[in-house]
Amino acid sequence: MTEGQTFAPDAATIERLAEVAIAGLPELFRRHLDGVVLRVDEFAEEEVLEQFGIEDPFELSGLYTGRPVGEQSSMASGELPAVIHLYRRPLLDEWTESGVSLEELVTHVLVHEVGHHFGLSDEDMHAIEDAAG
């Protein structure tokens, strides 16, 4: 590596930022995230984009997959764990265009996906964000 060279944050860096964001959540929320997998990929898989009708892979920066907390059951054995997906390239693209820090952006997307873990819809979260100013 040449001294002074700067590289785009890698997946491990995005994951560290997300872990810091999780650590900053109130304990009530954190305890319900035990067992939720945090995964950082370059982009969402093609099937995921198709499922949501998204043509441009840069349009999806995060995704929650799994059963929300209120719908979980001890009878549902054999289910895959809940996963919060963060997509590195769309995050970096949004970061360069948004004027916010990468830490703020990762935190925003992570909190949004945590909201889905708690059963909130996109509309619910937008209403909460609007009410919070």
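Taken together, 3 strands build an open sheet; the order of strands is β1-β3-β2 and the sheet is mixed. In this open sheet, the two edge strands, each paired with only one partner strand, are β1 (37-41) and β2 (62-65). Strand after strand, the sheet turns through a mean of 20 degrees between neighbouring axes, direction not considered. The strands touched by helix α1 (residues 11-23) are β1 and β3 (83-87); relative to β1, the strand with the most contacts, the crossing angle is about 145 degrees.

Close approach of charged atoms allows side chains of opposite charge to pair. Under the counting rule described, the total for this entry stands at 3 salt bridges. Note that glutamate 27 is salt-bridged to arginine 31, the shortest N-O span being 3.0 Å. Glutamate 27 sits in the partly exposed class, given a relative accessible area of 42%.

Glancing now at the packing of aromatic side chains. A complete count under the given rule lists 2 aromatic pairs for this structure. Geometrically, the ring pair formed by phenylalanine 29 and phenylalanine 118 is edge-to-face, given 5.2 Å between the ring centres and 85 degrees between the ring planes. You can see phenylalanine 29 sitting in helix α2 (residues 27-30) and its partner phenylalanine 118 sitting in the loop between α5 (102-117) and α6 (122-132), a full 89 residues away along the chain. A ring pair is formed by phenylalanine 43 and phenylalanine 58, whose centres lie 5.0 Å apart and whose planes are at 85 degrees; its orientation type is edge-to-face. Placement of the pair is phenylalanine 43 in the loop between β1 and α3 (46-51) and phenylalanine 58 in the loop between α3 and β2, with a sequence separation of 15 residues. Phenylalanine 58 gets classed as partly exposed once you look at its relative accessible area, which sits at 30%.

This brings us to the pairing of β1. Going residue by residue along β1, you find Leu38 and Val40 tucked away on one face and Val37, Arg39 and Asp41 left uncovered on the opposite face. Here β1 runs beside β3; their pairing, made up of 5 bridges, is parallel. Bridge pairing in β3 links leucine 38 to isoleucine 84.

When we look at burial in helix α4 (residues 88-98), the residues that qualify are Arg88, Pro90, Leu91 and Leu92. Along its buried surface, α4 packs onto α1, β1, β3 and α5. Once α4 finishes, glycine 99 follows within two positions and takes phi at roughly 80 degrees, a positive value.

Where α4 meets α5, the closest approach of the two axes is 10 Å, and the angle between their N-to-C directions is 125 degrees. Accordingly, the angle class assigned to the pair α4 and α5 is oblique. Handedness of the α4/α5 crossing: right-handed. Of the residues in α5, those in contact with Leu91, Leu92, Glu94 and Trp95 of α4 are Leu102, Leu105, Val106 and Val109. Residues that form the contact of α4 with α5 fall into these classes: 7 nonpolar, no polar and 1 charged.

So, how was this worked out
Residues numbered from 1 in each chain as written. Predicted model: local features only at pLDDT ≥ 70, side-chain atom pairs only at ≥ 80, totals over all residues. Heavy atoms only, no water. Pairing = 2+ DSSP bridges. Helix = DSSP H or I, 4+ residues; strand = E, 2+ residues; numbered from the N terminus. Axes fitted to C-alpha atoms, helices over the stretch in contact; angles between N-to-C directions. Contact = heavy atoms within 4.5 Å. Salt bridge = Lys/Arg side-chain N within 4 Å of Asp/Glu carboxyl O. Buried < 20%, exposed > 50% of the residue type's maximum accessible area, 1.4 Å probe, protein only. Phe/Tyr/Trp six-rings, centres within 6.5 Å; stacked < 30°, edge-to-face > 60°. Parallel < 35°, antiparallel > 145°, perpendicular 65-115°, else oblique. Left-handed = near helix turned anticlockwise from the far one by under 90°. Nonpolar A, V, L, I, M, F, W, Y, C, P; charged D, E, K, R; others polar.

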